[in-house]
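# Results of the structural survey
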Amino acid sequence: MEIADMSLHTMLCWAMIVTGAFTVFGLSKYVTAPYGRHSAAGWGILLDPKLSWFLMESPNLVMILIFYLKNYGLSGRLPPAANCVLLLFYGGHYVNRSLIFPMRIRNGKKMPITVMLAAAFYCTWNGYIQSKTLLELEEYGDEVLSSTQFILGSVVFVAGFTINYQSDEILRNLRKPGETGYKIPYGGAFKYVSCGNFFGEIVEWIGFAIATNSLSGVAFAFYTFANTAPRGASHHKWYLEKFKGEYEDLGRCAVIPFIW
Ligand code: NDP
């Protein structure tokens, strides 16, 4: 297909894959995303972490609403059943990430405004391509619900979501009220990796890409890997230095169990 023949949606999906390739390279070689334990000066004013997570992740939910209203109006009609399941996966993740996760952050570090704005830009972009796929471009037939690909993708998604959610909970509970320091997390995926939350997130969106059978799903999964894998590598290195003499004995990988 010539570039001129591509729809804006297809171009935005490919652009996300290309941006992901630059992101994984840049975050691995030149800069560590400067928030949380890797906070650094020079990235703009610092914002409350709860507000930052809400502002940067909620564009995904806004896009679902916009595309629903655009294509279904106030009719109250629902998309086909398989689309509804996929919207539940995608929307459910972002209800957690935009609303529940921020409310439950315990003594998190402030976030530089540039990080918040970059993430909000990505979430608007991603929200547009995922919502357009699920609420405008694709109408999955009911037979999809019982297809091997859809069931496999759904199982992988739910497994990833569970790992991600459980890992977020383990990290949150490391701090007692008032504490701001870092401890070694144990349990769940942390038995195998330093960053169970990032591992779960990557698995989730690979499952979503399989279930949606879409270029937008592939772009999302790839960008998630590009964004979280280098951060996971930085966290792993940080744990090895911070808990020297203790951490290496745990034999954990950085993000992918038994592999890396
Ligand atoms: P981190 O693991 O860096 O931090 C998560 C929270 O747990 C922070 O509040 C952090 O506090 C706290 N925490 C982490 N480790 C410890 C520890 N050892 N001891 C005590 N507290 C700890 O994750 P992120 O903030 O980068 O990401 C949060 C969620 O968002 C994850 O589930 C991740 O998968 C998801 N995410 C998704 C992305 C995507 O592209 N789809 C990109 C980035 C994140 P503090 O702030 O003080 O460090």
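Residues numbered from 1 in each chain as written. Predicted model: local features only at pLDDT ≥ 70, side-chain atom pairs only at ≥ 80, totals over all residues. Heavy atoms only, no water.

Note the threshold: UniProt positions are given in the numbering used here, feature names are shortened, and annotations may be inferred rather than shown by experiment.
The protein chain has the name 3-oxo-5-alpha-steroid 4-dehydrogenase 1 in an unreviewed UniProt entry, where Triparma verrucosa is given as its organism. In the Function (unreviewed entry) part of its UniProt record, the protein chain is described as follows: "Converts testosterone into 5-alpha-dihydrotestosterone and progesterone or corticosterone into their corresponding 5-alpha-3-oxosteroids. It plays a central role in sexual differentiation and androgen physiology."

### Some points on the packing of aromatic side chains
Applicable threshold: Pairs were defined over the aromatic rings of Phe, Tyr and Trp, the Trp ring being its six-membered one, requiring ring centres within 6.5 Å. Orientation was assigned from the angle between planes: stacked under 30 degrees, edge-to-face over 60, tilted for the rest. Helix numbers and strand numbers start at the N terminus; a helix is a DSSP run of H or I with at least 4 residues, a strand a run of E with at least 2. Criterion for a charge above a ring: Arg CZ or Lys NZ at most 6 Å from the ring centre, at most 35 degrees from the ring normal.
As enumerated under the stated definition, the model contains 26 aromatic pairs in all. Each ring, one from Tyr 90 and one from Tyr 94, has its centre 5.5 Å from the other, and the planes form 70°; the classification is edge-to-face. Note that Tyr 90 and Tyr 94 are positioned in helix 4 (residues 81-104) at a spacing of 4 residues, about one turn of the helix. In this structure an aromatic cluster arises from ring pairing among Phe 89, Tyr 90, Tyr 94, Phe 157, Phe 161, Tyr 165, Trp 205, Phe 208 and Phe 220. Taking NZ or CZ as reference, Arg 175 lies 4.9 Å from the ring centre of Tyr 182, over its face.

### As for the UniProt feature "domain: 3-oxo-5-alpha-steroid 4-dehydrogenase C-terminal" (unreviewed entry) in the protein chain
The UniProt record annotates "domain: 3-oxo-5-alpha-steroid 4-dehydrogenase C-terminal" (unreviewed entry) at residues 109-260. End C-alpha to end C-alpha, residues 109-260 measures 27 Å, and it is 62% helix and 1% strand.

### Here's the deal with empty space enclosed by the protein
In plain terms, the rule: Whether a set of points on the 1 Å grid over the protein atoms alone is a cavity depends on a 1.4 Å probe fitting there but being unable to get out, while an open set qualifies as a pocket with protein on both sides within 12 Å along at least five of seven lines; lining residues are those with an atom within 4 Å of a point. Grid points are joined across faces, edges and corners, and a volume is the space filled by probe spheres set on the points. Residue polarity follows a fixed list, in which Ala, Val, Leu, Ile, Met, Phe, Trp, Tyr, Cys and Pro are nonpolar, Asp, Glu, Lys and Arg are charged, and the others, Gly among them, are polar.
Tallying each qualifying case throughout the model produces 1 cavity of 30 Å³ or more. The volume enclosed by the largest cavity comes to roughly 60 Å³. Lining the largest cavity, in full, are Asn 96, Ile 100, Phe 101, Arg 104, Tyr 165, Asp 168, Glu 169 and Arg 172. Within the lining of the largest cavity, the residues separate by chemical class into 3 nonpolar, 1 polar and 4 charged.

### Section: the UniProt feature "transmembrane region" (unreviewed entry) in the protein chain
Per the UniProt record, the feature "transmembrane region" (unreviewed entry) sits at residues 12-31, 111-129 and 149-166. Split by type, residues 12-31 is 90% helix and 0% strand. Its first and last C-alpha atoms lie 25 Å apart. The span residues 149-166 is 100% helix and 0% strand, and its two end C-alpha atoms sit 26 Å from each other.

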